Structure formats: structure tokens, C-alpha cells
Amino acid sequence: YWDGQFEDARLALALAQTAQRAGARMHNHTRVTALIPVQNGWQVRLLDPRRGTLRTVQARCVVNATGVWVDGLRTQESAVKPMVSPSQGVHLVLDASFLPGQHAMLVPRTRDGRVLFALPWLGHTIVGTTDTRVEGITRNIGMHAGGVLIAPGKLTDFCPLYQQPGSDSAVS
């Protein structure tokens, strides 16, 4: 899991700034309401929900950076099969004292078949499970029933941390 330790927000900003310097136009907090193929690219209809304004722009290329909602935009253009299966993981950020050092820990199979991991992360310990498939992803995601698997009081059942976390141990 070392490959996942980076500042994703900082990376997204760096990519947007680089694209803008190369001539791309950025549209943040904007919803695509129509994506229409045209001879030299795309006609894109945009809704700015903060201002309540609609506009149409021409684009040679459209970057679909919508995460788990990628298929919602893809299917506006044509009848394509979904390529993303929405899933949800559970991750707790604990004090670094729960897993001192620089080594990660992996439980390859819990009772319900998921992977459980604990690793040092930005001066803390992050403990999590692999993702669980969910139906109908929403913007306000809450903890699902499978998240109980890594509730702080149960962690040492699965992962030999140096101390038993309590319900007040999670930093976030």
C-alpha cells in the first residue's frame, strides 16, 4: 500500500494547473448535463449549480474525472456498458503509537473474506479494509454495516496492534 501514500488533492491541483498552462479550461463545481460528439471534438453543456447558470462550450478533449460517477457521464454520449462497480472502504486514522515504526501489517483474509491492513501514514497509523461493493453510490457516504469489522474496539481481533484502540482513539 506504499504506492497509495500521496497527497491526492495536491496531485489533482498540480494536474489541473499543468493542463491550464497547456491551454485547457478548468470548470470546477460544474456538472455536465450533455456531452455531444461533434466533428472536431465535443459540445459540452455545463451547469454551475452555485450560480444556477447554464452554458455550452466546445472541446477537443473531455477529461472525465468524476470518480465513481464516471459511468454517468460515459452513458450520456452513447449506450455503453458500465465499467465501474462502486465500492466503499472503511479506514480509521489512529495515533502512530498503535503501530510504531515504518512497517505495514496485512491480514490477507478476514472472516468475511476481506483484506485488512495497518500502515504508517503521514505521522499516524491508518487501518482499513478493502472495498465492499455498494449499490447506488451517493455523495453523502456513511459507514456501512461491514465497517463494524474495524470498529476501534474490535481491531485487535484481526490485527495485532501494539495497543487496543478505544472508541475515542480514531483521529478521523
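Look a little higher up for the structure.
Presented here is a report on the structure given in the accompanying data block. Values in this document were obtained by computation on a predicted structure and should not be read as measured data.

### Observations concerning the pattern of salt bridges
- Counting across every chain of the model gives two salt bridges.
- Residues Asp48 and Arg51 are paired through a salt bridge, measuring 3.4 Å at the closest nitrogen-oxygen approach.
- Owing to a relative accessible area of 67%, Arg51 belongs among the exposed residues under this scheme.
- Taking the shortest distance from any N to any O, the salt bridge between Asp71 and Arg74 comes out at 2.7 Å. Remark: Arg74 and Asp71 occur in helix 2 (residues 70–77); sequence separation between them is three residues, near one turn of the helix.

### Description of the side chain of Asp48
- For Asp48, the location among the structural elements is in strand 2 (residues 41–48).
- Those residues in contact with Asp48 that lie beyond four places of it in its chain are His29 and Thr53.

### What about the nonpolar core?
- Core analysis: the largest hydrophobic core is formed by eight residues, namely Leu94, Phe98, Leu99, Met105, Val107, Leu116, Ala118 and Val127.
- Among the elements of the structure, strand 6 (105–107) and strand 7 (116–121) are those that each provide at least two residues to this core.
- The next biggest cluster of nonpolar side chains, apart from the first, holds six residues, and it includes Val44, Leu46, Val57 and Ala59.

### Some details on the pairing of strand 1 (residues 31–38)
- In terms of strand pairing, strand 1 meets strand 2 through seven bridges, oriented antiparallel. What sits directly across from Ile36, in strand 2, is Gln43.
- The antiparallel hairpin formed by strand 1 and strand 2 contains two residues in its connecting segment.

### Notes on the pairing of strand 8 (residues 124–129)
- Most of strand 8 sits inside the fold, with five of its six residues counted as buried.
- Here strand 5 (residues 91–95) runs beside strand 8; their pairing, made up of five bridges, is antiparallel. Opposite Asp95, over in strand 8, you have His124 as the bridge partner.
- The pairing of strand 7 with strand 8 spans six bridges and is classified as antiparallel. If you follow Leu119 over to strand 8, its bridge partner there is Ile126.

Procedures and definitions
- Residues numbered from 1 in each chain as written.
- Predicted model: local features only at pLDDT ≥ 70, side-chain atom pairs only at ≥ 80, totals over all residues.
- Heavy atoms only, no water.
- Salt bridge = Lys/Arg side-chain N within 4 Å of Asp/Glu carboxyl O.
- Buried < 20%, exposed > 50% of the residue type's maximum accessible area, 1.4 Å probe, protein only.
- Helix = DSSP H or I, 4+ residues; strand = E, 2+ residues; numbered from the N terminus.
- Contact = heavy atoms within 4.5 Å.
- Core = buried A, V, L, I, M, F, W, Y, C linked by side-chain atoms within 4.5 Å.
- Pairing = 2+ DSSP bridges.

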